[in-house]
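Secondary and tertiary structure notes
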Amino acid sequence: MDPALLAFFKPAEMASPQRRESWMDTEHRVILNVGGIRHETYSHVLKKIPATRLSRLTPNLANYDPVLNEYFFDRHPGVFSMILNYYRTGKLHYPTNVCGPLFEEELEFWGLDANQVEPCCWMTYTQHRDTQDTLAVIESLDLDGDPPTQEEIAKKFGWEDDYYTGNMSQWQRLKPRVWALFDEPWSSKYARVISSLSVAFILASTCSFILKTDPSFQIPDIDVFYSLRVVDEGGFKNYHKTIGTDKPVTSPHPNFFYVDLICNIWFTIELLIRSLFCPSFHKFVRSPLTIIDVISTGAFFFESLLHAILIQTGSLVTLDFLSMICVLRLFKLTQHFSGLKILIQTFKASAQELFLLVFFVILAIVIFAALVYYAERSQLNKDNQFTSIPLGLWWSLVTISTVGFGDMVPKTYLGMLVGSLCALMGVLTIALPVPVIVSNFSNLYSHSQARAKLPKKRRRVLQAHEVKPALLGVKQHHGKHRKKSSSATFNQPPANFKNANGGPSMHDNSASKLMA
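Note that this is a predicted model, so its numbers are computed, not measured. (Residues numbered from 1 in each chain as written. Predicted model: local features only at pLDDT ≥ 70, side-chain atom pairs only at ≥ 80, totals over all residues. Heavy atoms only, no water.)

So, on to the pattern of salt bridges. Tallying each qualifying case throughout the model produces nine salt bridges. Put simply, Arg 29 and Glu 40 hold a salt bridge, and the shortest N to O gap is 3.7 Å. Here Arg 29, found in strand S1 (residues 29-34), pairs with Glu 40, found in strand S2 (residues 37-42); they are eleven residues apart in sequence, far enough to count as distant. Glu 40 gets classed as partly exposed once you look at its relative accessible area, which sits at 42%. Among the ionic pairs, Asp 293 bridges to Arg 329, the shortest N-O distance being 4.0 Å. Here Asp 293, found in helix H14 (residues 288-309), pairs with Arg 329, found in the loop between helix H15 (316-324) and helix H16 (338-349); they are 36 residues apart in sequence, far enough to count as distant. Given a relative accessible area of 4%, Asp 293 falls into the buried group. By relative accessible area, which is 1% here, Arg 329 ends up buried. One network of salt bridges, with partners in common, ties together Glu 270, Asp 293, Arg 329 and Lys 332. (Salt bridge = Lys/Arg side-chain N within 4 Å of Asp/Glu carboxyl O. Helix = DSSP H or I, 4+ residues; strand = E, 2+ residues; numbered from the N terminus. Buried < 20%, exposed > 50% of the residue type's maximum accessible area, 1.4 Å probe, protein only.)

Here it is in structure tokens:
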């Protein structure tokens, strides 16, 4: 035998150190087939991170192929490259070509912690969490332009069991329809008509409140009084009659009352219907818009009652204050315009930055008020307007907000320097949180527009437990077919079979005869 072959087949303990090392290297090598891509590494590399899926690989696993000597995993191959590199280097990096939730699912499958992502990739990796939070906020705003399905309506009203069993009553079918008419303007054309009426009544009520304060639409309450004076002139008594008028108050035109009455009747009917057909009465009562509607409607009727009882009294301040509450109805327009909902949510999302802005503005106001007070007293100044720090607070607020009424002006050079610094500080302080607010609004608006363009109905993907029975049936069918084909071809020689003399077989001769 060839000496080279003898050297190759001799035992490992008799082999050279280089060959023994190569044999041990092959023994500890692990082949991983992930999504059709083969990866090779050593077993001790996979042991670096204990209590993970790859650290517990054994040939007894169901996904081990003894023929190919590899472990097969039907997972994302691109993400696994980063995961295997984590075992090799101890540093977990985030691939930019996959979505964040997919990366988290892969890490969870392999038994790794997502918090081990390197700082250089952390900001990019956590962007999907911000996106998910934004989409959850948009979902809560109810900005859909398409009517919900019957299943979604049943879940909203808490009737899932009755819907799945088909035992929904007539009231359960009517209640969502009436609620959609008054709460979901995009659900139907009748809902759009009711929404237009509600907006028209809100605008009419607001315009009535504004216009009735104009002097052109007010009627003065004139009191006419008469006086009689007796004048004695040279023994003769003369009687002088005088007529006087007084205008103590003015009242709006009576037609404004009828406009407000009609609007509030509509608001009352709308409130009663919404409270009767709402999905959850407790959530409906705690809603800010419901509270505004109740307070505004109640204030109108209470004001009308006071005006009828105390019309001759001086309770005008109280009545005017109650009239101001109807302006709050403008917030009800958020039900009909999605842009207003996004704007309000933007201020909610920027609440931390706004509070920080208010804190720094208050701090700057107090500091510059004290500075300008002592700066104006540092020199002889006869026209000093800053006689106290509280007056300086007003000047500091006006200057920081870059309004500058000009009612209070520093006269000394040191006071002018303080005023200049105050104005610059105001520009910088107010301008800093503006990009954050704009970014939040842009983020919410862009995601809402992208979500509105998504198709509502998507193709359903079967789960793993739904696919396996079908595959087993296919395998059984193919197994039966193979058995039949093997039994049919068992008694037939192959096409290239030849007899002992080298000629064609009898089967070929018979086939050729049939063809002839």
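Among the residues making up helix H8 (residues 150-157), those that are buried are Ile 153, Ala 154 and Phe 157. Take H8 and look down its axis: the buried residues cluster within an arc of 100°, on one side only. Those residues of H8 hidden inside the fold are in contact with helix H9 (160-165), helix H10 (170-183) and helix H12 (254-277). Trailing H8 by a residue or two, Gly 158 shows a phi angle of about 75°, which is positive. (Arc of directions from axis to C-beta. Contact = heavy atoms within 4.5 Å.)

This brings us to the environment of Gln 345. Considering the arrangement of structural elements, one finds Gln 345 in helix H16. A C-alpha to C-alpha distance of 8.3 Å links Gln 345 and Val 137, two positions 208 residues apart in sequence. Look past the residues within four positions of Gln 345 in its chain and what remains in contact with it is Val 137, Leu 141 and Leu 444.

So, on to the UniProt feature "transmembrane region" (unreviewed entry) in the chain. Taking the numbering used here, the UniProt-annotated feature "transmembrane region" (unreviewed entry) corresponds to residues 316-333, 354-375, 387-406 and 413-438. What you have in residues 354-375 is 100% helix and 0% strand, and the ends, taken at the C-alpha atoms, are 31 Å apart. The span residues 387-406 carries 60% helix and 0% strand; its end-to-end C-alpha distance comes to 16 Å. (UniProt positions renumbered as here; feature names shortened; annotations may be inferred.)

This paragraph deals with the confidence of the model for the chain. Looking at the chain as a whole, the pLDDT averages 77, with 74% of positions reaching at least 70. Element-level pLDDT for the chain is lowest in helix H22 (residues 506-515), with a mean of 37, against a maximum mean of 94 in strand S4 (residues 70-73). Within the model, the stretch residues 1-15 combines pLDDT values under 50 with eight contacts to residues more than four positions away or in other chains. (pLDDT = per-residue confidence, 0-100.)

To continue, consider helix H11 (residues 189-211). Along its 23 residues, H11 runs 33 Å from first to last C-alpha, staying within 8% of the 33 Å computed at 1.5 Å per residue. Along H11, the residues that are buried comprise Ala 191, Ile 194, Ser 195, Ser 198, Val 199, Ile 202, Ser 205, Thr 206, Ser 208 and Phe 209. (Expected span 1.5 Å × (residues − 1).)

Attention now moves to a nonpolar patch on the surface. A contiguous nonpolar surface patch, about 520 Å² in accessible area, is contributed by Phe 337, Leu 340, Leu 343, Phe 347, Phe 441 and Tyr 445. Secondary-structure elements contributing two or more residues to the nonpolar patch are H16 and helix H20 (434-452). Considering each element in turn, the nonpolar patch owes the most residues, three residues, to H16. Position of Phe 347 among the secondary structure elements: in helix H16. Taking the relative accessible area as the measure of exposure, Phe 347 reaches 43% and is therefore partly exposed. (Patch = residues over 30% accessible without salt bridge, like charges linked within 9 Å, V, L, I, M, F, W, Y side chains within 5 Å. Areas by Shrake-Rupley, 256 points an atom, 1.4 Å probe, with all protein chains shown as cover.)

Quick look at the environment of Pro 288 now. Here Pro 288 shows up in helix H14. Pro 288 sits in the exposed class, given a relative accessible area of 57%. In this structure the C-alpha to C-alpha distance between Pro 288 and Lys 332, which are 44 residues apart in sequence, comes to 9.5 Å.

The full count for this structure, using the stated rule, is 23 aromatic pairs. Here the aromatic rings of Tyr 373 and Tyr 374 are separated by 5.0 Å at their centres, their planes lie at 75°, and the arrangement is edge-to-face. The class of Tyr 373 is buried, set by a relative accessible area of 15%. Overall, Tyr 374 belongs to the exposed group, its relative accessible area being 53%. Arranged with centres 6.0 Å apart and planes meeting at 15°, the rings of Phe 441 and Tyr 445 form a pair that is stacked. Within this pair, Phe 441 and its partner Tyr 445 are both found in helix H20, separated by four residues, close to a single helical turn. A relative accessible area of 32% means that Phe 441 is categorised as partly exposed. Residue Tyr 445 is classed as partly exposed on the basis of its relative accessible area of 40%. Aromatic ring contacts, followed pair by pair, group Phe 73, Phe 80, Phe 109 and Trp 110 into a single cluster. One cation-aromatic arrangement involves Arg 53 over Phe 109; the distance from NZ or CZ to the ring centre is 3.9 Å. (Phe/Tyr/Trp six-rings, centres within 6.5 Å; stacked < 30°, edge-to-face > 60°. Lys NZ or Arg CZ within 6 Å of the ring centre and 35° of its normal.)

Bridge analysis of S1 against S2 gives six bridges, and the strand direction is antiparallel. In the strand pairing of S2, Asn 33 is matched with Arg 38. From the end of S1 to the start of S2, which pair antiparallel, there are two residues, and Gly 35 there has a positive phi angle of about 60°. (Pairing = 2+ DSSP bridges.)

The strand order across the open sheet formed by four strands is S2-S1-S4-S3, and the pairing between neighbours is mixed. In the strand order of this sheet, the two ends are held by S2 and strand S3 (64-65), each with one partner.

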